[in-house]
Every structure is written in C-alpha cells, then in structure tokens.
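# Report on the structure
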Amino acid sequence: MTELESEVLPLPPRYRFRDLLLGDQSFQSDDRVQVEFYVNENTFKERLKLFFIKNQRSSLRIRLFNFSLKLLTCLLYIVRVLLDNPEEGIGWSHIFWVDRKTPLWAVQVSIALISFLETMLLIYLSYKGNIWEQIFRISFILEMINTVPFIITIFWPPLRNLFIPVFLNCWLAKYALENMINDLHRAIQRTQSAMFNQVLILICTLLCLVFTGTCGIQHLERAGEKLSLFKSFYFCIVTFSTVGYGDVTPKIWPSQLLVVIMICVALVVLPLQFEELVYLWMERQKSGGNYSRHRAQTEKHVVLCVSSLKIDLLMDFLNEFYAHPRLQDYYVVILCPTEMDIQVRRVLQIPLWSQRVIYLQGSALKDQDLMRAKMDNGEACFILSSRNEVDRTAADHQTILRAWAVKDFAPNCPLYVQILKPENKFHVKFADHVVCEEECKYAMLALNCVCPATSTLITLLVHTSRGQEGQESPEQWQRMYGRCSGNEVYHIRMGDSKFFMEYEGKSFTYAAFHAHKKYGVCLIGIRREENKSILLNPGPRHIMAASDTCFYINITKEENSAFIFKQEEKQKKKGFAGSYGGPSRLPVHSIIASMGTVAMDLQNTECRPANSSKLALPAENGSGTRRPSIAPVLELADTSSLLPCDLLSDQSEDEMTQSDEEGSAVVEYVKGYPPNSPYIGSSPTLCHLLPEKAPFCCLRLDKGCKHNSFEDAKAYGFKNKLIIVSAETAGNGLYNFIVPLRAYYRSRKELNPIVLLLDNKPEHHFLEAICCFPMVYYMEGTIDNLDSLLQCGIIYADNLVVVDKESTMSAEEDYMADAKTIVNVQTMFRLFPSLSIITELTHPSNMRFMQFRAKDSYSLALSKLEKRERENGSNLAFMFRLPFAAGRVFSISMLDTLLYQSFVKDYMITITRLLLGLDTTPGSGYLCAMKITEDDLWIRTYGRLFQKLCSSSAEIPIGIYRTESHMFATSESQISINVEDCEDTKDVKEHWGIKTSHHRNSCSSDQSEHPLLRRKSMQWARRLSRKGNKHSSKTAEWISQQRLSLYRRSERQELSELVKNRMKHLGLPTTGYDEMNDHQNTLSYVLINPPPDTRLELNDIVYLIRSDPLAHVANDGHSRKSSCSNKLGSGNPETRDETQL
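Residues numbered from 1 in each chain as written. Predicted model: local features only at pLDDT ≥ 70, side-chain atom pairs only at ≥ 80, totals over all residues. Heavy atoms only, no water.

## A word on the overall build of the protein chain
Applied cut-off: Secondary structure is summarised from DSSP: a helix means a run of H or I of at least four residues, a strand means a run of E of at least two, and numbering begins at the N terminus for each. Note on contacts: a residue pair qualifies if any of its non-hydrogen atoms lie within 4.5 Å across the two residues. Surface accessibility in these figures is a Shrake-Rupley result with a 1.4 Å probe; residues are shielded only by whichever protein chains are displayed.
A tally of regular secondary structure across the protein chain gives 42 helices and 25 strands. The long-range fraction of contacts in the protein chain, counting pairs at least 24 apart against all pairs at least 6 apart in sequence, stands at 76%. As presented, the protein chain carries roughly 54,400 Å² of accessible surface, and 56% of it is formed by carbon and sulfur atoms.

So this is what it looks like as structure tokens:
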C-alpha cells in the first residue's frame, strides 16, 4: 500500500475544487483513463455474506435449516435415552459412558459435521478483526461442545459411547428461532408486535429450562436410582412450579447440584423475561394493541379519528351512533395520537362499552396504525376536528391530512369529515359527507333572528330521542315539549309506504295534508328516482309517483310503527268535510306506535289554555254560531290559486310601498348572485343586492365619510330593527350569516339592518364580499364595552348574536372557556332586558348559567329534571333548560350528531343545509315563520291551520314556537326593600300574582314593574317626610332622605341611569331606551310536528316550509293577478315572512 501511495502524487495547491469542476488547459491534452468502480459484493467473501447473512430470504432459509437440525439433535437424544439400558448398580461410569447404537451414532456424527462446518463459515463471514469476541460467544461454545466430540469419535472409535450433552442444543434452537422470526419479519416487510416476540422468547426460555433440567437430572441419576425421562420431567415441573411434593427427589450430589444451578438460573432469567413482558403489556394497553384481522373480516366496525378525545365528544358519538337498532352489532375503533384520558378510560371500562369500543393510540398519517385499525375493512371513517384549538386553521390542516391519508390507504372506505372553516372545505370534497362547522353555525344563528329558536328546532331534529323526556313532569309544557322532541326525519319509498301509497298521482300538498290528518306524519320533501336532488315542499304542481322517495317528520319511522285501525263507519256517514271540528271530532283513522311496545296516542297530547274559549272569527262567517269553513286541499293543482301574490310579485309591491313612503329617496335593490365569494365552495344563492357596490368607507357604522355623515345607528333612521353580531374576527363563515338574511325570498320591507361588532378590523377581501349587500355595516368594538354597544345601536336592535371567540377556547380548565362570554351576556341581559340575545357557547353544559337566577326555585326544579333525564339515559338532558328551549343559546357541538346520523341517514346533511338556506336547489322550498295574531285564532287548531296553509298558499307547517307568561321568583337583585316595610312586600307579591293571572297567553309582559316601583317610592317618600318632622335640623333630614332613597331604589333603576348617562355622554338620544320592555317573565319552547288537535294560542310562531316562488314563474306569469284575489284575510304588516290567512 505504501508503494502505491508513493506513486500517486498529490494535486498541486492551485488545483482546488473550482479548478476540478471548471477544468484546466494543462489537463485537457492528457489521455483519459476509464475507471470501473466495483462494490465489495464482487468478492467471494462478500457474496457468501450476502447469501448467508444480508439477504433476508436466503438467510431465513439457512436459519430455518439450522433450527431444524437442532430440533433433530434433541429428538435423537431422546431416542438414545429411550433405547439405553444401563446396568444395575451405582457407579460413576454410568455418567461418562452410554450405550449408543451404531446407526444412531452415524446420524449424530453427520449432523455434527454439518453444524460444525456451518458454524465455522459463519464465524469467518462475521469476523471483524477480533477473533476472541467470536470464540467466547455462548452459542459458539455450546456448538463446539456438541459437535467436536462427535468428530473426534470418527478417528478414535473407543470414544463412540462417550456421553455428549446433546440436549444443550435446545438453547441453540431457541437462538436460531429468534433470528428466524426477525428474518421472517424483514423478508415479508411486516412489523410484528414486540409483544409477540417477547411472549415467544419467554415460552422458549421456559421450555429450554425444563428440557435441560429433565435431561440433566435423568442422566446424572443413572448413577443413582435411575430415574426415567418421564419422572425427571415430572420432578422439574413440580420443582419449578414451587409445589414440591417430595415423592421424587435426586439422590446423589451431582444431580442435586444441577437442581440448585437450574433454580438459580430460573430465578435470574425468568424475572427478567416477565418484567420485559409486563412492561410491553402495559405499553400495549396504553396504545391499544391491534384490531384483529379475523374480527375485521367477520364483524363490522367503524373508525373514529380524532386528535384529542374528550369525554363529552366520546359520549355524544357513542350515544348517537348506538341509538340506531341496526348498529348495535358494530364495533367502534378509536384512533387517537394521545394517551387515553382518565375519564375516557373509566367510561370504556363500563361493560356497555368495553365489549364494543376499542381504543388505539396512533396516528392516521401512519400506515402501520391504519393497518392496526383495519381501516381497509372498515364500514366508515369519522374524522373529527379539534374545535378547542386556538388556531382553528391549523386544526383544519390536520383534519385534511388525516382525510388524505385515509383516502390513500383505504380508497373504498366511506369518509365522514368535520371541517371547521369554510375556506378549507374544498380540500375534502372527495369525502362522502362533509359538515362545515362555521357554515352551519352562522346560518343557524342568522335564521334564529327571523325564525326564533331555529337552532333548537334543528338540534332536536338531528338528535335521536325516544320522545319520553319530561313525561313524568307535572308541567304541561314540559310533557308536550318532550313528547314533540322525539320527532325526527325519516325516509321511505312511496310505493312501499302505507303512509303515502294511497296518494299516488295526487299533488304533493294534498299528500302532505292528508298524511298529517290521517297518520300525524309531516311530509316535508321528496326525491325523484331519476334526480338525486332533494326538494323540500316542491309545491302542489308536483305529482307524487310510486318511485319517489318521501322524507317525513315523525316520532318513529314507518317500519317500526304498528297500525291500529279504528271503526270508520261514523266518520264515513259524516262524509268529508275538509276541516277539523275539534279534538273530539278528529278524523284520525289510526294511531302510530312508538319504538317498542308503547302505543302513542297523539290525540291526548293537547295543550288547552284556560282562557281560549273565545276566538275571533272572520266577518263573513256570521255571528260565530257555526264553525267557519276552510277550503279543501285539491288533489291536483289549480293554477288560479297556487301561490299568494306577495311571493311572486314581492319586488314590485315592495317598490311601490317604499316609493309611496319615501318618495324619490328610495334606494332600489336588485336580485342577483353575489359577485364576490370570500372562499371557494360557497353555494350560489340569489340575494337582494345593491345596484352598485358600496364604498368601504360607507360600511363603517360609527364613522362618517364623504358620502354620508352618519356616526351612529340612530342617524341612519332604519325602518326595521337591527341585528347585531358580535364576533372576534370577520371570518369567512360570517358571510353565511348575511346570505340567509338577504335571500331573494325575503321581502324588501322586512330586511333588517345587520351590524357586525368586531374585535379586530376586517380584512379587505371580506369587505369586498359584503359591500354588495344592502344595509350591512361593521364597527370595531366589544360587547364588554357599553359605549360600543350603544354606538352600534343596541337599543334599536331586536336581536344580538354573540359568537364564541376562538381566543377563549383553550382555557386551563376546559369548561371555563365560556366564562367571559357568559358573564358579558349576563350583564347585557340586565342592562337591556327586552333584547333577544342569542349566544354561542363552546360547551353545552354551560348553558345552565345563561340568564342565571340564583334564588329562582323554578330554575332549581329544572336542574333536578335535567339530572333525572340524564340518569334515564336521555341524549337531550339539557333540552328543558329555558335558554335552550327558547333558542337563546346554542353550541356547535350539538351539530356533531348531524355527521353521526349521516351514517344511517345519508340525506340529513342535505336536508339541514336546505333548511338553513346554505344550499338552494331549484324547485326546493325554504324555512320561514308566521305569527298567529288575534285575527287568526278562528282557525283554532294546528290541524285546521295545516289545511288552511295547504289549500291557500301551499305551505307546509312543521312546528310551533310557543311563548307563555311565567312567574319567576323575585330575587333580591331586582327589588330592594327594607325590613321595616314587610307589609309593602306583601303588597308587591299580591300585585304580581294578579298580573300573572291576567296575562297567561301574552308573549311579552308590559312595564308593570316601573309604575309599581314609582308608587312604592312615593309611599317611602311620604313615610320619610313624616319621620323627618321629628328631626331638629333640616340638614340632617335632607341627608337622611338622600341616603334612604339611594338605598331603596331598585337595581333596574340604577342600571337604567347608568345607560342613560353613557348615552348622554356619547350624544345619543335616550328616548329609545325608555321604551324598552322587560321580557324576563316568559318561557318559550318548540313543538315539532305537534298533533293536529293542538290548540293555537295568541303569538304562536309557526315554522313553515314555503315552496320556491321562482319554481314556476316562467309558466305562470299571467296568473299572478288572479292569484292575488285568493287571499283570505289580512295579517300584521310588521310580522316577518307572514302568511296571509
């Protein structure tokens, strides 16, 4: 080497790396030499090493052959022992010499030669410069002990009967088996669990110990009592199991010494093996192990992928998923990268879930973990986002990667993906079902402003309920509300349905009315066989076909219903009157049984008010002695009376009305599609738009510009009440709040101004998206700042929507994420009692703190009812909380069940988006509301209202929002009275009792509290004046009067003065605040698909699905004038989306 190195001269210093790359003129004239580079595998030794060691498949074959040889030597040793017949007597010669037959010797010598040569070859190939390391290896020493003596006997025949401890080859077999398993895993590219390897090593160690002890004791006892091989095996088992009967014992000291050595080895080796095994078992328990391939092929399972698993999320999923009967045999495999939470572990140990839920710790981005979950055999994969993250965009990115990984690994597995932000939705369009949280949230909050309690209505529809909640309550409204909450959306093919089969060839409106009249089911939509689009209330022009899929609302689906037919002779004699006469004359031909065997009689769930005996009848019906008639619902559509004229000619009427009122100052709106969408994937919706985009400076509510000088909401002079939205940032989801409130089907005169109260300044692209909508403004401020609330016009607002803030979601204590929002809303609840505040919370359990009354016994009773319903297994234990029942509070986690229900009902997401106005399918209706006034009470019952709407305007009612007056316990914070005035307190209670009895059906209470307080203040003032005469000093009298008057004024007066002072400071008029009423003594709730005999009450708000006004405009433009003549009565012009009755 030194000679070769001396011949090669080093490069001169000037030839640097740059010169070698660019070349040099002196080297270009030299002759080039082609150099071939060889790898080490070309040498004979490296080729052997590749075959015996490096190559997994060939190495696996060599080790399998070696393992077989070692087992064969152990088997031959047992054969030699069984054929051996030692002489009688005790002598040490029996230990050293045995009787070995010549054929057996020949086979053992042949095996020994092969093993010796193989060992030498492997030593040569694995030699790395240290020969002693190879020689002193235990496996090499054992190999030499078992092979070299046999080779010697070839050359020295007298040693052929020499004892050789061949049974020690069992340890070499164990070593070969471990190497073979490792090569096997490498060869088939499969990573078997370490648990399997450790269990295999432990079993092999125990077998080797028992086999070595058995053979050693048997051989040494040849010099003693000559134990058989079976007795030696029996002795080893009894000894190692620490039983020790003592009937078989070694007699000579060598065998006794061997027993001592074997026990010491076992005490050292086995604990180490067991410790490793227990450690691996505990780690496996944390990670969850594997979902077996056999179970995956024989049983059905779904996979739930989450970034962090909370107990609320888990229970919502399990309760909703297993609420369906056909999913009872499914397994749920949870794949989560974090360690199992203590609460989750406690729940999963319950026998109800432990047999059906399997927790695996792993990542969906690893194919190994997806293989453990058997994703390719799964029936579905649910991927949920972590909404508690501060950075919701980062949470969406993780969800997108999980969805891509699952789709790449198991392309045939259906995906159910939950995404948070709408701009990330198009990344997972390939998924079978996608729910965008912010889209649904903002659309639902927007509808809450025009259709009260839409959030409660949708939440009850997407939750699986038995309809048994609150049935043991003494309160009538709780029984009715709980009963109707069991209604859900179901589907059935019309040709297979008993509900709708008889209406084939009839109009949709006719089928909807008669199905509700006869069976109590509410038909809301259909889907044609040739068209995959779902149409809500397609109108009377749609003719029902046997191939149509019908979507209806009912307590239970038709397949689980029992039909109990009643006698119909009496009703046939009466004939078809086309109307309902009352609860006693209802022509209901059957009742439907609920789940199980409990029959459900819808006729007995009426709610009759105490003072509803007198109904205002129309003038054309005479003096009211006979029942007013309602036009029958036609089987086929009549083109002259299909839709009310205010739907088709809405724009022209609005323009004429506004032009009469405002003259030339009216700003004309146009109907069109918004030109700028803030994100990809938003559904196009026809909306009211400005003819020209508004400048960005005009969108600022609290600052004037060169186009106008308005600096507060009062200056704008809005005709309608404001809708204020408080949000942290102007996210793209906020766009979905504006679109449903500016949809084309809403009348121009009913459009409410929208004010966005934002913590941070909106970005340019968001302003570009909203500048085309009329009466949409923004302002920077927060709800905890009274000045910001007053400037944005809160005293002129009808609704205030408080959106959950992302920055508060990651609190140190999970349930404290809503603390700031709850306290701020409670403050506004006290400052502005007439304002309808709609609040979004992170955790549904925190809704019990909304409108909190510490000393209200009724709230305490509701709390006990909630606990009782939760103990009974209800999925909607919080439904009786007054803020939720009234639609004043909402949590987006309530919509998680929408994604879970889609596994069984694949149409639920589509129907929900249509109801919320997120999607607009041509020909499909939309959700709206109408208010029952005194002029409408002549209709009397919900069933007659159903007929009236179907026959006149082709609208389908689906529920009622009812408001009742209720007397809550007066707390100390409302009225402060001194102990001396006990008689005055009694007067106050008596006065409130009188007021409650006279306002049973009122949806809002009057200002009865303020005259009462003024009267009491005058009494206190006169009493103080009488007491003041006793004082000698006028100064002391004046101070005393001031002190007592400040002490005795109510909290309501203090808050009122605070607000007025701030308004005066800001230069705002206080007249609007004086007119605010207190609505705190009412309770509201939602009745979904109530029975036909349910009595209508004053101020009921009816949810309607109104047919698409543009569906047949082209065909029926000539009939609009004739349709206007079919209106029957007039309604309140101030009611939004009101249907004329």
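## Focus on the sheet that holds strand β4 (residues 380–383)
Our working rule: Being paired, for any two strands, means DSSP has found at least two bridges between them. A fitted line through C-alpha atoms serves as each axis, taken over the contacting stretch for helices, and the angle formed by two N-to-C directions is quoted from 0 to 180°.
Taken together, six strands build an open sheet; the order of strands is β3-β2-β1-β4-β5-β6 and the sheet is parallel. Strands at the two margins of the open sheet, each flanked by one partner only, are β3 (357–361) and β6 (433–436). For this sheet the average axis-to-axis angle between neighbouring strands, irrespective of direction, equals 15 degrees. Sheet analysis places strand β1 (residues 301–305) next to strand β2 (residues 331–336), joined by five bridges and oriented parallel. Along β2, the bridge assignment pairs L304 with I334.

## A closer look at the side chain of S902
Mapped onto the elements of the fold, S902 is located in the loop between α34 (896–901) and α35 (908–916). Other than its neighbours up to four places away in sequence, S902 contacts Y416, H433, M908 and I909.

## Brief notes about the sheet that holds strand β22 (residues 926–931)
Pairing is antiparallel in the open sheet, where four strands are placed in the order β22-β25-β23-β24. Each edge of the open sheet carries a strand with a single partner, namely β22 and β24 (1082–1088). Recorded for the sheet is a direction-independent mean angle of 25 degrees between the axes of neighbouring strands. Bridge analysis of strand β23 (residues 956–965) against β24 gives seven bridges, and the strand direction is antiparallel.

## Regarding the pattern of salt bridges
Side-chain pairing between opposite charges can occur once the charged atoms of the two side chains come close. As a reminder of what qualifies: By definition, a salt bridge exists where a carboxyl oxygen of Asp or Glu is found within 4 Å of a side-chain nitrogen of Lys or Arg. Burial here depends on accessible area, computed with a 1.4 Å probe over protein chains only, as a share of the maximum for the residue type. Under 20% is buried, over 50% is exposed, and the range in between is partly exposed.
By the definition in use, this model includes 21 salt bridges. A salt bridge links E178 to K174; the shortest N-O distance between them is 2.8 Å. With E178 and K174 both in helix α10 (residues 169–187) and four residues apart, this pair spans about one turn of that helix. Residue classification places K174 among the buried residues on the basis of a relative accessible area of 16%.

## Here's the deal with helix α4 (residues 44–54)
Rule in force here: What the arc measures is the spread of directions leading from the helix axis to the C-beta atoms.
Regarding α4, the residues found buried are E46, L48, K49 and F52. For α4, the arc enclosing every buried residue in end-on projection is 155 degrees, short of the 170-degree limit, so these residues lie on one face. Relative to its buried face, α4 has exposed residues pointing more than 90 degrees away, namely F44 and R47.

## Notes on the environment of I783
Summarising the element assignment, I783 is placed in the loop between β18 (776–780) and α30 (786–791). Along the primary structure I783 and V802 are separated by 19 residues, whereas in three dimensions their C-alpha atoms are 8.3 Å apart. In this structure I783 touches S726, L757, L789, V802, N824 and M828, once residues within four positions along its chain are discounted.

## Overview of a nonpolar patch on the surface
Note the cut-off: Note that patches include only residues with greater than 30% relative accessible area and no salt bridge, and the join distances are 9 Å for like charges and 5 Å for nonpolar side chains (Val, Leu, Ile, Met, Phe, Trp, Tyr).
Side chains of W92, F96, W97, W253, L257, V260, I261 and V265 sit close together on the surface and give an oily, nonpolar patch of about 840 Å² of accessible area. With five residues, helix α13 (residues 253–287) is the single largest residue contributor to the nonpolar patch. Inspection of the secondary structure puts V265 in helix α13.

## Concerning the packing of aromatic side chains
Cut-off, in case you're wondering: Each Phe, Tyr or Trp ring (for Trp, its six-membered ring) is paired with any other whose centre lies within 6.5 Å, and the angle between the two planes then decides the class: stacked below 30 degrees, edge-to-face above 60, tilted in between.
Here the structure, examined in full by the defined rule, presents 34 aromatic pairs. Ring geometry for F321 versus F382: centroids 6.5 Å apart, planes at 85 degrees, classification edge-to-face. Remark: F382 occurs in strand β4 and F321 occurs in helix α15 (residues 311–321); sequence separation between them is 61 residues. A ring pair is formed by Y942 and F946, whose centres lie 6.3 Å apart and whose planes are at 80 degrees; its orientation type is edge-to-face.

## Regarding the nonpolar core
The condition is simple: Nonpolar cores are built from buried Ala, Val, Leu, Ile, Met, Phe, Trp, Tyr and Cys residues. Side-chain atoms within 4.5 Å join them into one set.
In this structure, F321, F382, Y481, F500, F737, F773 and F832 are the most contacted members of the largest nonpolar core, which totals 207 residues. The element contributing the most residues to this core is helix α20 (residues 437–450), with nine residues. Each residue touching Y481, except ones within four places of it in the same chain, is listed here: T456, L460, M879, F880, F884, A885, Y1085, V1086 and L1087. Core analysis: the second largest hydrophobic core is formed by 27 residues, C305, L360, A364 and I400 among them.

## Some points on the side chain of T897
Its location among the elements puts T897 in helix α34. When its relative accessible area of 3% is taken as the criterion, T897 is described as buried. Once residues within four sequence positions are removed from consideration, T897 is found in contact with E320, V462 and H463.

## Some details on the pairing of β4
As a reminder, the rule being used: Here a crossover is taken to be right-handed if, once the strands point away from the viewer, the path from the first strand over the helix to the second is traced clockwise.
Of the two faces of β4, the one lined by A380 and F382 and the one lined by C381 and I383 are each fully buried. Where β4 lies against strand β5 (residues 415–419), three bridges are found, and the strand directions are parallel. Bridge pairing links F382 to Y416 in β5. In this region the chain leaves β4, passes through helix α19 (residues 392–409) and returns to the parallel neighbour β5; the handedness of that crossover is right-handed.

## Examining the layout of surface pockets
Which entries qualify depends on this criterion: Cavities and pockets are found on a 1 Å grid laid over the protein atoms alone: a cavity is a set of points where a 1.4 Å probe fits but cannot escape, a pocket is an open set with protein on both sides within 12 Å along at least five of seven lines, and a lining residue has an atom within 4 Å of such a point. Grid points are joined across faces, edges and corners, and a volume is the space filled by probe spheres set on the points. All amino acids are sorted into three groups, where Ala, Val, Leu, Ile, Met, Phe, Trp, Tyr, Cys and Pro are nonpolar, Asp, Glu, Lys and Arg are charged, and the leftover types, Gly among them, are polar.
Volume-wise, the second largest pocket comes out at about 1,000 Å³. Forming the boundary of the second largest pocket are 38 residues, of which I311, D312, L313, M315 and D316 lie nearest the centre. Among the elements of the structure, α15, α32 (857–871) and α34 are those that each provide at least two residues to the lining of the second largest pocket. The class makeup of the residues in the lining of the second largest pocket is eleven nonpolar, 17 polar and ten charged.

## What to know about the confidence of the model for the protein chain
Heads up, the rule is: Scored from 0 to 100, pLDDT reflects the predictor's confidence in each residue.
Mean pLDDT over the protein chain: 75, with 74% of residues reaching 70 or higher. Per-element mean pLDDT across the protein chain ranges from 35 in strand β13 (residues 599–600) up to 94 in β4. Within the model, pLDDT remains below 50 along residues 643–665, and this stretch shows 37 contacts once partners closer than five positions in the same chain are excluded. Counting contacts from residues 970–1032, a segment whose pLDDT is below 50, to residues more than four positions away or on other chains yields 77 contacts.

## Describing unusual backbone geometry
A positive phi angle, close to 75 degrees, is found at R940, a residue other than glycine. Positionally, R940 belongs in the loop between β22 and α36 (942–952). Take R940: its relative accessible area is 21%, and that puts it in the partly exposed class. Although it is not a glycine, A954 adopts a positive phi angle of roughly 60 degrees. Topologically, A954 is positioned in the loop between α36 and β23.

## Quick look at helix α22 (residues 476–484)
In terms of residue burial, α22 counts as a mostly covered element, since seven of its nine residues are buried. Turning to α22, its buried residues are W477, Q478, M480, Y481, G482, R483 and C484.

## As for the environment of N732
Applicable threshold: Under this definition, polar contacts are N or O atom pairs within 3.5 Å; protein pairs additionally need one hydrogen-donor-capable and one acceptor-capable atom, and for neighbouring residues in sequence, both atoms have to be side-chain atoms.
With respect to the helices, strands and loops of the structure, N732 is situated in the loop between β16 (722–727) and α28 (735–741). Residue classification places N732 among the buried positions, given a relative accessible area of 9%. When the C-alpha positions of N732 and E438 are compared, they lie 8.5 Å apart, and in sequence the two are 294 residues distant. Setting aside anything within four residues of it in sequence, one finds N732 in contact with P422, E423, P678, Y679 and H765. Within the local environment of N732, its side chain forms a polar contact with the side chain of E423, the two groups lying 3.0 Å apart.

## What to know about the packing of α20 against α35
Between two packed helices, what matters for the description is the angle formed by their axes and the separation of those axes. As a reminder of what qualifies: Roughly parallel here means an angle under 35 degrees, roughly antiparallel means over 145, roughly perpendicular means 65 to 115, and every remaining angle is called oblique. If you view the pair so one helix is near and one far, a crossing is left-handed when the near helix is turned anticlockwise from the far one by less than a right angle, and right-handed when it is turned clockwise.
Two elements in contact, α20 and α35, have axes separated by 9 Å at closest approach and are oriented at 40 degrees. On the basis of the axis angle, α20 is oblique to α35. Seen along the crossing, α20 lies across α35 with a hand that is left-handed. Where α20 abuts α35, its residues E439, C440, A443, M444 and L447 lie against R913, L915 and L916.

## Here's the deal with the pairing of strand β8 (residues 522–527)
Along any regular strand the residues' side chains alternate between the sheet's two faces. Counting buried residues in β8 gives five out of six residues, a clear majority hidden from the surface. One ladder, built from five bridges, connects β8 with strand β10 (residues 549–554); its direction is antiparallel. Paired with C522 across the two strands is I553, which belongs to β10. As paired strands, β8 and strand β9 (residues 534–536) are joined by three bridges and run antiparallel to one another. Note on β9: the bridge partner recorded for G525 is L536.

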